[in-house]
Amino acid sequence: MLSNFERTAAALRAAYDGEAIAPLRGVLEPTDAAGAYAVQAINTRYWREAGRRIVGRKIGLTAKAVQAQLGVDQPDFGVLFADMEIADGGVLPASKAIQPKAEAEIALILGRDLDDVDATVETVAAAVEHVAAAIEIVDSRIADWKISFADTVADNGSSAFFVLGQERKGLAGLDLYSCGMVLEVNGAVASLGAGAACLGHPLNAAVWLARTMAGLGEPLRAGDIVLTGALGPMVALNPGDSVVARIGGLGTASFRVV
């Protein structure tokens, strides 16, 4: 007999190819982190066994205002699979998403493992091989985005797809704190932000993730991609939209919805 968590995980998987489902209130209390991550882990294991390959992690809820809205005091994470990547300048078929939104982020590509539960900004910075502009396309299998903290965590951090810009930079000489971000949709400014909007600094978010994953016995590894969190408000997407993220010092990342 399936457990409540297993049934919930199966319902979320089915929603990818069907319709969004109701919030998970009957199984998960809004701030039930342990239960929500248990559901996420069931689906991560299912997808890995089905042949999907993990290439990193995404960090969410890095804005204090959003944390307060969902009644929590920490970020969350989800898994990035190889088949979630859209090439820079590539396309997202509208049929592949339910209610997608885009947010501009800074991506870190690691050059060495991070397996220290006491990781610091210095140790994380030393592990970063490259930095790139990125766009995360978030989506929710929960109807109308009526999510709690537990809903988004169980739903793999409300993740869907991501784009990495083609430029790769080393950390040296970059200002990831005050760098500006402009997200354009169809040539018009749709969102503005800065590096400091991501938990005070994108490396702070990466430290949180490194410690969390090491504590779970699933440390970040060399080659992993880390999406550190939104630099500004997310923007709803529609078929036909052309999206470009411009981040100071890192260049651009772009895609189209077709």
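Residues numbered from 1 in each chain as written. Predicted model: local features only at pLDDT ≥ 70, side-chain atom pairs only at ≥ 80, totals over all residues. Heavy atoms only, no water.

**Digging into the layout of surface pockets**
- Of the volumes computed, that of the largest pocket is approximately 510 Å³.
- Along the wall of the largest pocket there are 27 residues; nearest its centre are Leu61, Val66, Glu103, Ile147 and Met234.
- Mapped by element, the contributors of at least two residues to the lining of the largest pocket are β1 (54–60), α3 (64–70), β5 (101–110), β6 (128–138) and β10 (225–230).
- When the residues that make up the lining of the largest pocket are grouped by side-chain class, the tally is 13 nonpolar, eight polar and six charged. (1 Å grid on protein atoms, 1.4 Å probe; cavity = no way out; pocket = protein on both sides within 12 Å on 5 of 7 lines; lining within 4 Å. Points joined across faces, edges and corners; volume = space filled by probe spheres on them. Helix = DSSP H or I, 4+ residues; strand = E, 2+ residues; numbered from the N terminus. Nonpolar A, V, L, I, M, F, W, Y, C, P; charged D, E, K, R; others polar.)

**As for the pairing of β1**
- When you tally the buried positions in β1, you get six out of seven residues, the bulk of the element.
- Bridge count between β1 and strand β2 (residues 76–81): six bridges; the pairing is antiparallel. By the bridge assignment for β2, Ile59 is matched with Phe77.
- The sheet contact formed by β1 and β10 spans three bridges and is parallel. Bridge pairing links Arg57 to Val226 in β10. (Buried < 20%, exposed > 50% of the residue type's maximum accessible area, 1.4 Å probe, protein only. Pairing = 2+ DSSP bridges.)

**Concerning helix α6 (residues 202–215)**
- The first and last C-alpha atoms of α6 sit 20 Å apart over 14 residues, in line with the 20 Å expected at 1.5 Å per residue.
- What α6 keeps buried is the set Pro202, Leu203, Ala205, Ala206, Val207, Trp208, Leu209, Ala210, Met213 and Ala214.
- Looking at the buried residues of α6, the elements they touch are α2 (33–49), β1, β2, β5, α4 (121–127) and β10. (Expected span 1.5 Å × (residues − 1). Contact = heavy atoms within 4.5 Å.)

**A few points about the nonpolar core**
- Among the nonpolar cores identified, the biggest contains 49 residues, and Ile106, Val124 and Phe255 are the most heavily contacted of them.
- Only β5, α4, β6, β7 (159–164), β8 (180–185), α6, β12 (242–247) and β13 (251–257) provide two or more residues apiece to this core.
- Not counting chain neighbours up to four residues away, the residues in contact with Val124 comprise Leu114, Ala119, Leu203, Ala206, Val207 and Ala210.
- Grouped together as the second largest cluster of nonpolar side chains are 17 residues, Leu24, Ala36, Leu70 and Val153 included. (Core = buried A, V, L, I, M, F, W, Y, C linked by side-chain atoms within 4.5 Å.)

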